[in-house]
Amino acid sequence: MNFNPTHYFVEEVVKGVDESDLHRTWIKVVATRNARERSTRLENMCWRIWHLARKKKQLELEGIQRMSARRKEQEKVRREATEDLAEDLSEGEKGDIVGELARHDTFKKKSFQRNFSDLTVWSDENKEKKLYIVLVSVHGLVRGDNMELGRDSDTGGQVKYVVELARALAMMPGVYRVDLFTRQVSSPDVDWSYGEPTEMLTSGSTDGEGGGESAGAYIVRIPCGPRDQYLRKEALWPYLQEFVDGALAHILNMSKALGEQVGNGKLVLPYVIHGHYADAGDVAALLSGALNVPMVLTGHSLGRNKLEQIMKQGRMSKEEIDSTYKIMRRIEGEELSLDAAELVITSTRQEIDEQWGLYDGFDVKLEKVLRARARRGLSSHGRFMPRMVVIPPGMDFSNVVVSEDMGDGDVDTKDDTLSLEGASPKSLPPIWAEVMRFFTNPHKPMILALSRPDPKKNITTLVKAFGECRPLRELANLTLIMGNRDDIDDMSAGNASVLTTVLKLIDKYDLYGSVALPKHHKQADVPEIYRLAAKMKGVFINPALVEPFGLTLIEAAAHGLPTVATKNGGPVDIRNALNNGLLVDPHDQNAIADALLKLVADKNMWQECRRNGLRNIQLYSWPEHCRTYLTRVAGCRIRNPRWLMDTPADAAAEEEEALEDSLMDVQDLSLRLSIDGERGSFMNEQPSSDPQDSVQRIMNKIKRSSGSSPHTVSSDADGAKIPPEAIPGAVNKYPLLRRRRRLFVIAVDCYGDDGRASKRMLQVIQEVLRAVRSDSQMSRISGFALSTAMPLSETLKLLQLGKIPPTDFDALICGSGSEVYYPGTTHCVDAEGRLRPDQDYLMHINHRWCRDGAKQTIAKLAQDGSGTPVEPDVESCNPHCVAFFVKDPKKVKTIDEMRERMRMRGLRCHLMYCRNATRLQVVPLLASRSQALRYLFVRWGLSVGNMYLIVGEHGDTDLEEMLSGLHKTVIIRGVTEKGSEELVRSSGSYHREDVVPSESPLIATTHGDLKADAIMRALKEVTKASSGM
């Protein structure tokens, strides 16, 4: 036997490595006529193969080392959890905790089941409820009809799933409205319908009571990023904050409208916000935090699992993978989603154990312990793990037509084909003729595969199995539905490679006349394709390397098709539930051929699998899915903002409104009355027709206000009184933010080496105030806010040093977003006249916050061999902020390293290095300087799009998340020489450009010296640029 170098090197040396590039090289080698040149090319090819094999082994070793380190860290975390959580238990209960941790290792997986324990199953008794549900699916092309599934890798099964879920939920009793948020695309490259702001999917429940003006399910398209470009999902990450702000505005408007229709005038906030995939999970987490409503997550496919799969192929390094797929940003989005989610919905148990188990934010063992403690009513000391539940996707069976002529008898497929040939062409679906034209012998049973031409779908192995099994070729035909295409050259590289390989395999095995490969099909044709395969006594196959769920398997079963499916992933649970087919190893082409041959050849087995599938398919109906879904969501801790019951619409608020209007009435009289901390020049209302009456009303208001609120002094965080002349009398009950049309937020982080605010920060504040006030029209409608990492006491001292009254600011955001103050309002003055933080905000951010747990854990994690590089900063601490001095920034761990370890311990919070890397501050998950701005929007109605953020080139580690969004940002050059950014992330993490857009019309930079004129030019520049969006 002659030595075959292709077989030896390609098949043996690098077996398992994607050899498409090598195959192309080999084609060039054999095409070379010159023997010497051919030998040289062959030698080069051998060296490439050797390098690939070596590289693969190296990556495998790195993966093993990484997983080993992770397992050690997990065991350490579990030991700590056992110690911490056992402190308040009896000896017997301590043993129970250890038992819970050990029991998981011996847990035997059960077959498909739904166990609601003590949950009340959702029923028609809930029809009086008027729930508002929000679904989020950002990427891809989403519309209700004529879905372009398979158009690209972003428009696949997830699009169909979320649209059908929205429709099905809207039909459930008690659900009034469902909004499906996706990205608005107004690009000439796609259909115009994707640019429509809204699209109705259904008018809602048909319970006979009538829907209502806003009832039903809708697709709501939110613009973000370049308006005229259709971006792949990997390019959307920097624009997600814009999506959040746009979605938040829509939700608030819709909540008000629903409140008028069905809420007796009160806001109807979403019952739940459900994110689909990592990008939408990131969005849902921020929306949930801003609105203080529960969040649910469905991952669909997970980044860590994909990273492991690609790494095993050995062709790309981790850096190359991240550059192509933005995989590290995707993983961080999934981790952020786990931080915020109350509930994670999966399709299979395998997804929980083998995929979500790879994440820092979820540990199966620790989750079981925390759940057991919750059942006993015991504290978990701030530790939290989201609840994972298996709810298989549903399917709409209303349009499914199962052939009635296929009973238990052995019906010859030839009769079926003859009936097709004898029928009128108009009476048959056009797609049938399109498929059947490929076959030389159309009487054979049909093996059907339906997927994108993606390498992970493993279609090439299926074709090899079919081509190399002669009995199977003689007994059946093969139909491959692989999306739509016009020209292979126009397809993406991966898809084109798969399709080209399939065509070459057809030629290699001479499968012409036995394989159908139609170029086009519509979404409406898919049921007809299933029906044709069932009529031909065929089999459906899903040979994917890993299948997260396998919706096509359910669709095939609903049409009476037995199935063969991969044993990796969701198909295992589907097969156990339906009992309608066989599972195979997707890497074993002989096993694939044997399973297909067995089902096609054994008519009795085929009939049994068909009957079982049709009998059990209702387990996967949409009503069943939604019933389980709503039951699980109802079991979450439903929460709403406390201030929802205290909206500024009572008598006191109306009186305050009247006082403000009176002040505005005498604006043109130039009465410089500092009653509410604002100058008369900032007002923008028409003067009263009788100024004397206005003055009298004002004086009466002043007397009443001074009589009812004798304390007109404030204090710093330590309780020290601030002189009354520094802060004018606080007569407003609520902040003037409610009446502002613009808000200028100064968030410049100018600190010295000791972490104290520099004079440069004070100069920036003064110049920004001067710039805005230089425009009389702008100043009349604008307010100011100061956002800083400093505590209130240091913030007030800084303002006092610059002789700036605190009441020049509508809001002070202190402690890295852990506290919000409104100077000059009774809303933030306690009974003793001291300035206090917004109590509603503190209740808002208290979710999942455990100050003591965070403090103790940070102290442990910060330790290294040489000692502790941090020590407590008592003066900067408050009930929702734990602060530490950083002794040596070079010895501390980065934010992403600290966050990883906190997540593994079940502690959900925000960490940031601030004040020129001299402080480490830990605040609640829902607290940050950027989230505080959204709170002001939700609480007081001042849109984020009307906020202007003034920052420096450098700053605290939370600066990145502040830069993106719908607010306008002005970066002042030269005011910050350095910040804390070097401590944001370690090597191998995601990059700044994955968070902040490289170019945006919403960001402008000053030029020249720090002067009011330069700041005003930048403000006008960003206003003009953003107006064209």
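Residues numbered from 1 in each chain as written. Predicted model: local features only at pLDDT ≥ 70, side-chain atom pairs only at ≥ 80, totals over all residues. Heavy atoms only, no water.

Participant: Which parts of the structure should I look at to understand helix α8 (residues 303-313)?
Facilitator: Residue pairs spaced three or four apart in an α-helix point in one direction, given the helix's 3.6 residues per turn. Buried within α8 we find Gly303, Arg304, Asn305, Leu307, Glu308, Ile310 and Met311. With its phi angle positive at about 75°, Gly314 sits one or two positions after the end of α8. (Buried < 20%, exposed > 50% of the residue type's maximum accessible area, 1.4 Å probe, protein only. Helix = DSSP H or I, 4+ residues; strand = E, 2+ residues; numbered from the N terminus.)

Participant: Got a minute to help me understand the sheet that holds strand β10 (residues 477-481) in this structure?
Facilitator: In a beta sheet, neighbouring strands pair by backbone hydrogen bonds and run either parallel or antiparallel. Read across the open sheet, the 6 strands follow the order β11-β10-β9-β12-β13-β14; overall the sheet is parallel. If you trace the sheet from one side to the other, it starts and ends with β11 (515-516) and β14 (581-584), each paired once. (Pairing = 2+ DSSP bridges.)

Participant: Would you take a moment to explain the nonpolar core for this structure?
Facilitator: Soluble globular proteins tend to bury their nonpolar side chains together. Ranked by internal contacts, the top residues of the largest apolar core, which has 143 residues, are Ile765 and Leu936. With 10 residues, the single largest contributor to this core is helix α7 (residues 277-291). Core analysis: the second largest hydrophobic core is formed by 38 residues, Cys469, Val502, Leu582 and Cys609 among them. (Core = buried A, V, L, I, M, F, W, Y, C linked by side-chain atoms within 4.5 Å.)

Participant: What is the right way to look at the packing of aromatic side chains in this model?
Facilitator: The description of an aromatic ring pair rests on the distance of the ring centres and on the angle between the ring planes. As enumerated under the stated definition, the model contains 8 aromatic pairs in all. Note on Phe744 and Tyr948: the rings are 4.9 Å apart at their centroids and 20° apart in plane angle, and the pair reads as stacked. Here Phe744, found in strand β17 (residues 742-746), pairs with Tyr948, found in strand β25 (residues 947-952); they are 204 residues apart in sequence, far enough to count as distant. Members of the aromatic cluster, joined through ring pairs, are Tyr734, Tyr822 and Trp940. Sitting above the plane of the Tyr218 ring, Arg177 keeps its charged end 4.0 Å from the centroid. A cation over a ring is seen here: Arg304 above Tyr359, with NZ or CZ 5.3 Å from the ring centre. (Phe/Tyr/Trp six-rings, centres within 6.5 Å; stacked < 30°, edge-to-face > 60°. Lys NZ or Arg CZ within 6 Å of the ring centre and 35° of its normal.)

Participant: Explain the environment of Leu475 here, please?
Facilitator: With respect to the element layout, Leu475 can be found in helix α16 (residues 470-475). With relative accessibility at 33%, the residue Leu475 sits in the partly exposed group. Distance from Leu475 to Pro445, taken between C-alpha atoms, is 7.2 Å for residues 30 residues apart in sequence. Excluding residues that lie within four positions of it along the chain, Leu475 makes contacts with Lys444, Pro445, Leu597, Val600 and Ala601. (Contact = heavy atoms within 4.5 Å.)

Participant: Is there a simple way to explain the sheet that holds strand β20 (residues 819-821) in this structure?
Facilitator: With respect to topology, 7 strands assemble into an open sheet ordered β20-β19-β18-β17-β25-β26-β27, the strand pairing being mixed. Strand pairing shows two members of the sheet lacking a second neighbour, β20 and β27 (1003-1005), which therefore form its edges. Ignoring which end each strand starts from, the neighbouring axes of this sheet average 20° apart. With 3 bridges connecting them, strand β26 (residues 968-972) and β27 associate as parallel partners. (Axes fitted to C-alpha atoms, helices over the stretch in contact; angles between N-to-C directions.)

Participant: Would you mind showing me how to read the pattern of salt bridges here?
Facilitator: Any two side chains of opposite charge can pair, so long as their charged atoms come close to each other. Evaluation of the coordinates by the stated rule reveals 44 salt bridges. Close ionic contact of Glu332 with Arg903 constitutes a salt bridge, the shortest N to O distance being 3.1 Å. Note that Glu332 is positioned in helix α10 (residues 327-340) and Arg903 in helix α31 (residues 895-904), a separation of 571 residues in sequence. You'll find Glu332 and Arg903 in the same group, each marked buried. Connected through salt bridges with shared partners, the residues Arg143, Glu148, Arg151, Asp152 and Asp191 form a single ionic network. (Salt bridge = Lys/Arg side-chain N within 4 Å of Asp/Glu carboxyl O.)

Participant: How should I be thinking about unusual backbone geometry in this particular structure?
Facilitator: Residues other than glycine predominantly adopt negative phi, and peptide bonds predominantly adopt the trans conformation. Phi at His381 takes a positive value of approximately 55°, unusual for a residue other than glycine. By the secondary structure assignment, His381 is in the loop between α12 (364-376) and β8 (387-390). On the basis of relative accessible area, His381 is assigned to the partly exposed category, the value being 31%. Its identity as a non-glycine residue notwithstanding, Ala917 has a phi of 60°, on the positive side. Here Ala917 is to be found in the loop between β23 (909-914) and β24 (919-924). The exposure class assigned to Ala917 is buried, which follows from its relative accessible area of 8%.

Participant: Teacher, can you tell me more about the pairing of strand β4 (residues 216-222) here?
Facilitator: Each regular strand displays side chains that alternate between the two surfaces of the sheet. Among the 7 residues that make up β4, 7 are buried, leaving the element largely enclosed by the rest of the structure. The two faces of β4 match: Gly216, Tyr218, Val220 and Ile222 on one face and Ala217, Ile219 and Arg221 on the other face are all buried. Alignment of strand β2 (residues 175-183) against β4, held across 7 bridges, turns out to be parallel. In the strand pairing of β4, Val178 is matched with Ala217. Sheet topology places strand β3 (residues 198-202) next to β4; 4 bridges connect them, and they run antiparallel.

Participant: Can you walk me through the confidence of the model for the protein chain in this structure?
Facilitator: The predicted coordinates ought not to be read in detail in places where the model reports low pLDDT. Confidence in the prediction of the protein chain, expressed as mean pLDDT, is 83, and 81% of residues score 70 or more. In the predicted structure, residues 104-114 sits below a pLDDT of 50 and forms 16 contacts with residues beyond four places in sequence or in another chain. Residue range residues 407-411 is modelled with pLDDT below 50. Its contacts to residues more than four positions away, or to other chains, number 9 contacts. (pLDDT = per-residue confidence, 0-100.)

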